[in-house]
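Remarks on the overall topology
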Amino acid sequence: MEYIDGIRVLNLAVNLPGPAAARKLQQFGATVTKVEPPSGDPLEQYHAGWYRDMAKGQTIVTIDLKMAEGHARLDELLAGTDLLITATRPAALERLGLGWAELHQKYPRLCQVAIVGYPSPRQNEAGHDLTYQATLGLLNPPHMPRTLMADMAGADQTVGRALALLLARELGNGSGYAEIALSEAAAEMAEPLTYGTTMRGALLGGGIPEYNVYATSEGWVAVAALEPHFKMRLEESLGVRTIEEYRTAFGQMNADYWQEWGREKDVPIVVVQ
C-alpha cells in the first residue's frame, strides 16, 4: 500500500543506512531521487547486487557538490523535495552550504533527517557499525559481527523520524530537522544485553532449557519454547525436564527431523543455519 504517495525524498547518503531508509520510504509510496558523487556509491563496489536492489525504482543523479554547477543542480532538486536524507557530518554539510539553518530558510517546507555517528555534541566524530557494536559489548573477538546491526537499526529509526517530521508538517507544525545517531540506535538494540536478559546463563542467554540451542546427531537446532504451553507440550512429548535431558533427547535425531517434529507439535524449533 502506498501510504505516502506524492512525497518526494532526496537521498544524499551512500553506503548504509541512508539508502536502506530511502528504500523503505519508497516501499511506502514515496518517490526517491538519490544523489551520488562522481565516484559513485561505495556499496556498489562492495556488493553490487545489494546496491542494485537498494536503488531499484529510484532516480540516480550524479552531482559534484564541489562544483558550482553541482550546487545549482542540487538546488533544483531541493526545490521540489519534501524530505532530505543525509549521512555526511554536519560540519561538512555546513561547509557545503547545506546546513539546516540555510536549507530551512531557502526551502521552508523541506524536512531533513541527518544520520550521524554520535549524539550532540559528538555528532562530528567518526565511527562505524563495528565500533558502535564494540563499545556496547556486542562483539565476540576474533569473530566479526554477523550483521550490520547499528546501520540497519539506524535505517529504521530514520524512517520513523522522517514520517514523524512529515506528519508534523502536515498537521501545521512546520517542517523540521532531526538527527539519528547510529551509536544510540545500536544502544537501543543492545538493551537486552544491557539489562542482563541475554547475558551468558541469564533467562534468554542459555539459562533455561526450553530456550536454548542444542547439538543434534547432525547439525544444531534452536528451541524457543518460552511460553508455558510450548514448554509443557515439549517436555511432555519428550519426557524431559533438565538441560541435560534436553541435550540427550535432541542428540538422538538430526536437525531436520527436529524442525519437522516441532512443526507437527506446534513448538518453535528450527535448524540453525
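Preceding this section is the structure that the text describes.
From a predicted model like this one, the values you see are computed outputs, not experimental measurements.

This part takes up the nonpolar core. Core analysis: the biggest nonpolar cluster contains 32 residues, and Val9, Leu25, Leu83 and Ile85 have the highest contact counts within it. For this core, the secondary structure elements donating two or more residues are helix H1 (18-27), helix H3 (48-55), strand E4 (83-86), strand E5 (111-116), helix H8 (149-173), strand E6 (177-181) and helix H9 (182-189). Ranked by residues supplied to this core, first place goes to H8 with 7 residues. Not counting the four nearest positions on each side in its chain, Leu83 is found in contact with Arg8, Val9, Leu10, Leu25, Leu110, Cys111, Gln112, Val113 and Ala162. In this structure, Leu234, Tyr246, Trp258 and Val267 belong to the second largest nonpolar core, which totals 16 residues.

Time to look at the sheet that holds strand E7 (residues 211-215). Spatially, the 3 strands line up as an open sheet ordered E7-E8-E9, and their pairing is antiparallel. Sheet topology places E7 and strand E9 (269-271) at the edges, where each strand pairs with a single neighbour. On average, adjacent strands in this sheet sit at an angle of 20° to one another, irrespective of strand direction. Where E7 lies against strand E8 (residues 220-224), 5 bridges are found, and the strand directions are antiparallel. When the bridges of E8 are listed, Tyr214 appears paired with Val221. Contacts from helix H12 (residues 243-250) reach E7, E8 and E9, with the element oriented near 45° to E7.

Another point: helix H4 (residues 68-79). Between its first and last C-alpha, H4 extends 17 Å over 12 residues, near the 16 Å set by a 1.5 Å rise per residue. Taken residue by residue, H4 has Gly70, Leu74, Leu77 and Leu78 as its buried positions. Considered in projection along H4, the buried side chains sweep an arc of 95° and stay on one side of the axis. Pointing more than 90 degrees away from the buried face of H4 are the exposed residues Ala68, Glu69, Glu76 and Ala79. For H4, the secondary structure elements touched by its buried residues are strand E1 (8-11), strand E2 (31-36), E4 and helix H6 (100-106).

Residue Pro17 follows Leu16 across a cis peptide bond; omega there is 5°. Among the secondary structure elements, Pro17 is positioned in the loop between E1 and H1. For the peptide bond that leads from Pro141 to Pro142, omega is 10°, which places it in the cis range. Structurally, Pro142 can be placed in the loop between helix H7 (129-135) and H8.

As a further point, take the pattern of salt bridges. Evaluation of the coordinates by the stated rule reveals 14 salt bridges. For Arg73, the salt bridge is made with Glu76, and the minimal N-O distance between the two is 3.2 Å. With Arg73 and Glu76 both in helix H4 and 3 residues apart, this pair spans about one turn of that helix. On the basis of relative accessibility, which here comes to 53%, the residue Glu76 falls in the exposed class. Across the salt bridge formed by Arg241 and Glu235, the nearest N and O atoms sit 3.6 Å from each other.

Turning to the packing of H8 against H9, a few remarks are in order. Running from amino to carboxyl end, H8 crosses H9 at an angle of 100°, the nearest separation of the two axes being 8 Å. Classified by the angle between their axes, H8 and H9 sit roughly perpendicular to one another. Two secondary-structure elements touch here, H8 through Met149, Ala150, Asp151, Ala153, Gly154 and Gln157 and H9 through Leu182, Ala185, Ala186, Glu188 and Met189. Partitioning the contact of H8 with H9 into residue classes produces 7 nonpolar, 2 polar and 2 charged.

Attention shifts here to the side chain of Thr216. Take Thr216: it is sitting in the loop between E7 and E8. Exposure remark for Thr216: the relative accessible area of 11% places this residue in the buried category. A distance of 2.8 Å separates a polar atom in the side chain of Thr216 from the backbone oxygen of Glu218. Polar side-chain contacts of Thr216 include one of 2.8 Å to the backbone oxygen of Gly219.

What counts as what
- Residues numbered from 1 in each chain as written.
- Predicted model: local features only at pLDDT ≥ 70, side-chain atom pairs only at ≥ 80, totals over all residues.
- Heavy atoms only, no water.
- Core = buried A, V, L, I, M, F, W, Y, C linked by side-chain atoms within 4.5 Å.
- Buried < 20%, exposed > 50% of the residue type's maximum accessible area, 1.4 Å probe, protein only.
- Helix = DSSP H or I, 4+ residues; strand = E, 2+ residues; numbered from the N terminus.
- Contact = heavy atoms within 4.5 Å.
- Pairing = 2+ DSSP bridges.
- Axes fitted to C-alpha atoms, helices over the stretch in contact; angles between N-to-C directions.
- Expected span 1.5 Å × (residues − 1).
- Arc of directions from axis to C-beta.
- Salt bridge = Lys/Arg side-chain N within 4 Å of Asp/Glu carboxyl O.
- Parallel < 35°, antiparallel > 145°, perpendicular 65-115°, else oblique.
- Nonpolar A, V, L, I, M, F, W, Y, C, P; charged D, E, K, R; others polar.
- Polar contact = N/O pair within 3.5 Å; in protein donor to acceptor, adjacent residues only side chain to side chain.

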